[in-house]
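Chain by chain, the residues run as shown.
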Amino acid sequence: MEKPSAGLWRKIKSRYNLVGSTCSKCGSNYFPPRIVCRKCGRESKMEDRKFNGNGEVVSFTTIRVPPDTFKDEAPYIVGVVRLEEGPMVEGHIIENSRPIDIGTKVRTTFRKMYVDGEEGLIYYHYKFEPV
Amino acid sequence: MAGIVGYGVHVPFYRIKVEDIAKVWGEDAEAIKTGLNIHEKSVPGRDEDAATIAVEAARRAVHHAGIKSSEVGAVYVGSESHPYAVKPTATVVIESIDASDHVMAADLEFACKAGTAGVQMVMGLVDSGMIKYGMSIGSDTSQGRPGDALEYTASAGGAAFIIGREKKEVIANILKTVSYTSDTPDFWRREGAMFPTHSGRFTGEPGYFKHITAATKLMFETTGFGPADFTYAVFHQPNGKFPVVVAKQLGFSDKQIKPGLLTPIIGNTYSGASMIGLAATLDIARPGDRILLTSFGSGAGSDSFVMEVTDNIEAKRKRAVKVSDIIGSNKVYIDYATYLKDKDFIKGR
Ligand SMILES: [Zn+2]
């Protein structure tokens with residue numbers, strides 16, 4: 001069983017709510033959050049930004065040979081989603097009855113990512129779902 | 001006066017049909033479908049639990065209410081399937097809706113009525129002026145022992161209601177709430193036990209029917225209202241049959257309970273059941289409509305509410321994700337073997 005680190009606690013906002021960052025100088029959006037803007041460098045003015053969670057699939061693949069953490073979940077789909085606000089975000093894509101393809105519109109949903117054995121923590125995370 | 005300012009629902013998209021369960025146990029599917037008035041039930045995904053369902057419902061409720069989540073002063077989550085024995089589901093909800101750190105929060109348990117008990121609690125906090133808005137959620141991923149009659153109905157889903165008292169925000173005033181509670185051993189689950197135990201097929205009379213009837217009749221006495229004074233009524237629905245029978249006994253018509261009767265197509269969502277029924281009823285209600293809700297939780301107790309829909313309901317409707325859209329589209333049917341795997345019921349794995 002793993003003990004969660006303080007670093008993990010700090011990431012909860014990002015993992016639950018897609019909180020990234022935005023540079024108020026040039027308007028660039030980032031996820032995961034960045035401390036320094038890629039364009040503005042030392043001039044950057046970074047702030048937290050919660051993205052609305054809507055986007056479209058840019059790329060995806062089906063995982064059939066998963067790491068141990070997800071051994072009971074396979075096959076499952078992971079992909080890259082371009083959020084409406086711009087950032088490209090990696091994540092699991094849930095298979096509902098709607099087909100998944102490049103360009104498929106998705107929304108963010110709240111799911112369990114993994115469960116640490118019988119006695120450890122339950123890790124919650126955003127996932128994407130076709131709409 | 002406290003009232004509903006917003007609501008949200010979530011029901012997982014997986015379904016299993018009565019036929020698929022009955023086939024495995026050699027039972028007569030048609031007899032079960034007729035006897036329990038149930039056709040299929042929702043099943044949570046492997047990555048869903050009472051917390052994820054509560055979060056989805058809570059986010060929709062905040063959106064529907066059109067309020068700042070930082071103004072929610074209390075969050076209570078009622079469930080009999082909280083993911084942790086110690087670590088409140090409510091903490092996951094407040095973080096995921098971005099509520100303020102200065103929020104009152106706790107988990108509640110009262111079988112299938114913990115969510116409506118939470119509504120009563122936040123009504124008190126709102127009416128006393130201690131908080132501006134309070135949220136109560138009923139959410140469950142209930143378990144039925146394989147082969148038990150409960151397996152046909154025990155499903156997953158949840159609903160969140162935000163209570164406030166600003167006149168221009170309230171979509172339904174809650175005119176009155178009363179309860180009826182007794183120590184009745186009709187259904188229970190001990191700490192650490194995977195499945196609940198029930199007293200058998202005769203639990204309906206001393207449990208469900210006695211408590212729903214007593215609470216509803218008390219409501220009639222205290223308000224002077226009778227069945228004819230309501231446009232709609234919603235009762236707890238452990239199967240599709242009990243609510244139809246109790247409604248008739250109390251003098252309500254099938255038409256009054258129809259919009260809120262969802263167990264036949266999604267199963268019994270436990271803490272979510274009567275609250276999802278209320279949400280579906282509010283989805284179609286018009287200003288001036290009067291609604292009766294009586295929940296039931298084994299153990300046992302019933303909470304009864306009388307609500308009156310206001311003019312604000314129409315303006316907020318465009319922000320509501322309708323229950324019919326949530327449960328009607330996007331379904332994925334699974335077979336019994338997948339159901340066992342997804343519920344982690346397979347031994348030796
Ligand atoms: Zn910049």
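Computed from a predicted structure; not experimentally measured. Sequence order sets the numbering: in each chain, residues are counted from 1 along the sequence as written. Just so you know, chain letters begin at A and ligand numbers begin at 1, following the order they were written in. In keeping with the predicted nature of the model, local features appear solely for residues at pLDDT of at least 70, side-chain atom pairs appear and are counted solely at 80 or more, and the whole-chain, interface and lining totals rest on all residues. The side-chain figures draw on all heavy atoms in the structure; neither hydrogens nor water molecules are used.

Asks: Explanation requested: the domain arrangement of chain B in the structure shown.
Replies: The extent of an interface is frequently quoted as the accessible surface area lost upon association of the parts. All names here are of chain B. An automatic or database domain assignment supplies the start and end points of every domain. Here the domain parsing of chain B yields domain 1 (3–170 + 322–342) and domain 2 (174–313). Between two residues, a contact is recorded if the distance between any of their heavy atoms is within 4.5 Å. With 58 residues of domain 1 at the contact, the number on the domain 2 side is 51 residues. Buried area: the sum, over both parts, of the accessible surface (1.4 Å probe) that disappears when the two are put together. Buried surface at the junction of domain 1 and domain 2, summed over both partners, amounts to about 4,000 Å²; 63% is from carbon and sulfur atoms. By convention in these notes, a salt bridge is any Lys or Arg side-chain nitrogen within 4 Å of a carboxyl oxygen on Asp or Glu. Run the count over domain 1 and domain 2 and you get one salt bridge. With its nearest N and O atoms 3.1 Å apart, the salt bridge here joins Lys113 to Asp303. For this analysis, a polar contact is any N or O atom pair within 3.5 Å, provided that within protein one partner can donate a hydrogen and the other can accept it, and provided that sequence-adjacent residues contribute only side-chain to side-chain pairs. Seen at the junction of domain 1 and domain 2, the total is 25 residue pairs in polar contact (both at pLDDT 80 or more). Secondary structure follows DSSP: runs of H or I at least 4 residues long count as helices, runs of E at least 2 residues long count as strands, and numbering of each begins at the N terminus. At the level of elements, strand 1 (3–10), helix 2 (29–36), strand 3 (40–43), helix 5 (114–127), strand 6 (133–141), strand 7 (156–164) and helix 12 (323–328) are the ones that each hand at least two residues to the side of domain 1 that touches domain 2. The dominant element in the side of domain 1 that touches domain 2, judged by the number of residues it contributes, is helix 5, at seven residues. Each residue gets one label: Ala, Val, Leu, Ile, Met, Phe, Trp, Tyr, Cys and Pro are nonpolar, Asp, Glu, Lys and Arg are charged, and the others, such as Gly, are polar. A class-by-class count of the residues in the side of domain 1 that touches domain 2 yields 25 nonpolar, 21 polar and 12 charged.

Asks: Please explain the domain arrangement of chain A as it appears in this structure.
Replies: Residue and element names in this part refer to chain A. Each domain of chain A was delimited in the assignment, giving domain 1 (1–16 + 53–131) and domain 2 (19–51). Each of domain 1 and domain 2 has a C-alpha centre, and these two points are 23 Å apart. Between domain 1 and domain 2, the contact holds nine residues from the first and seven residues from the second. Of the roughly 690 Å² buried between domain 1 and domain 2, counting both surfaces, carbon and sulfur atoms make up 62%. Of all residues in domain 1, Ser14, Glu85 and Pro87 bury the most surface against domain 2, accounting for 59% of the area lost on that side. The interface formed by domain 1 and domain 2 includes zero salt bridges. Run the count over domain 1 and domain 2 and you get three residue pairs in polar contact (both at pLDDT 80 or more).

Asks: Is there a simple way to think about the packing of helix 1 (residues 18–25) of chain B against helix 2 of chain B in this case?
Replies: The relative placement of two packed helices is expressed as an angle between their axes plus a distance between the axes. Residues and elements named next belong to chain B. Helix axes are fitted only over the stretch in contact, all axes being lines through C-alpha atoms; the angle between N-to-C directions runs from 0 to 180 degrees. Where helix 1 meets helix 2, the closest approach of the two axes is 9 Å, and the angle between their N-to-C directions is 125°. Accordingly, the angle class assigned to the pair helix 1 and helix 2 is oblique. The element helix 1 and its partner helix 2 pack so that their crossing is right-handed. Across the interface between the two elements, Val18, Glu19 and Ala22 from helix 1 touch Ala29, Glu30, Ile32 and Lys33 from helix 2. Each angle gets one of four labels, with under 35 degrees taken as roughly parallel, over 145 as roughly antiparallel, 65 to 115 as roughly perpendicular, and the rest as oblique. Rotating anticlockwise by less than a right angle from the far helix to the near helix defines a left-handed crossing, while the corresponding clockwise rotation defines a right-handed one.

Asks: Looking at this structure, I do not really get the coordination of the zinc ion. What am I missing?
Replies: The textbook angles at a metal center are 109.5 degrees for a tetrahedron of four donors and 90 or 180 degrees for an octahedron of six. Residues and elements named next belong to chain A. For Na, K and Ca the donor cutoff is 3.2 Å, while for all other metals N, O and S atoms must lie within 2.8 Å; water is not among the atoms, so some sites may look incomplete. Protein ligation of the zinc ion involves Cys23 (SG), Cys26 (SG), Cys37 (SG) and Cys40 (SG), the donor distances falling in the range 2.3 to 2.4 Å. The rule is simple: four donors are tetrahedral if all their angles sit between 85 and 135 degrees, four are square planar and six octahedral if opposite donors span more than 155 degrees and the others lie between 65 and 115, and anything that fits none of that is irregular. Here the zinc ion is ringed by four donor atoms whose angles at the metal span 103 to 113°, and the overall shape comes out tetrahedral. Sequence spacing of the donors to the zinc ion: C-x2-C-x10-C-x2-C. Taken as a pair, Cys23 in strand 1 (residues 19–23) and Cys37 in the loop between strand 2 (29–30) and strand 3 (46–50) lie far apart in primary sequence, 14 residues in all. Residue Cys23 is classed as buried on the basis of its relative accessible area, which comes to 1%. Throughout this description, buried means an accessible area under 20% of the type-specific maximum (1.4 Å probe, protein chains only), exposed means over 50%, and partly exposed covers the range between.

Asks: How should I be thinking about the packing of aromatic side chains in this particular structure?
Replies: Residues and elements named next belong to chain B. Between 30 and 60 degrees the pair is tilted, below 30 it is stacked and above 60 it is edge-to-face, where a pair is any two Phe, Tyr or Trp rings, Trp via its six-membered ring, whose centres lie within 6.5 Å. Tallied over the entire structure, the rule returns 21 aromatic pairs over all chains. Aromatic pair Phe230 and Phe252: ring centres 6.1 Å apart, planes at 55°, arrangement tilted. Taken as a pair, Phe230 in the loop between helix 6 (204–223) and strand 11 (232–235) and Phe252 in the loop between helix 7 (242–250) and helix 8 (254–257) lie far apart in primary sequence, 22 residues in all. Phe252 matches Phe230 in its accessibility class, with the two residues each being buried.

Asks: For this particular structure, what's the right way to read the side chain of Thr22 of chain A?
Replies: All names here are of chain A. Inspection of the secondary structure assignment puts Thr22 in strand 1. A polar side-chain atom of Thr22 sits 3.4 Å from the main-chain carbonyl oxygen of Ser28. A polar contact of 2.8 Å, which involves the side chain of Thr22, links it to the side chain of Asn29. If sequence neighbours within four positions are ignored, Thr22 has contacts with Gly27, Ser28, Asn29, Lys45, Met46, Glu47, Asp48 and Arg49.

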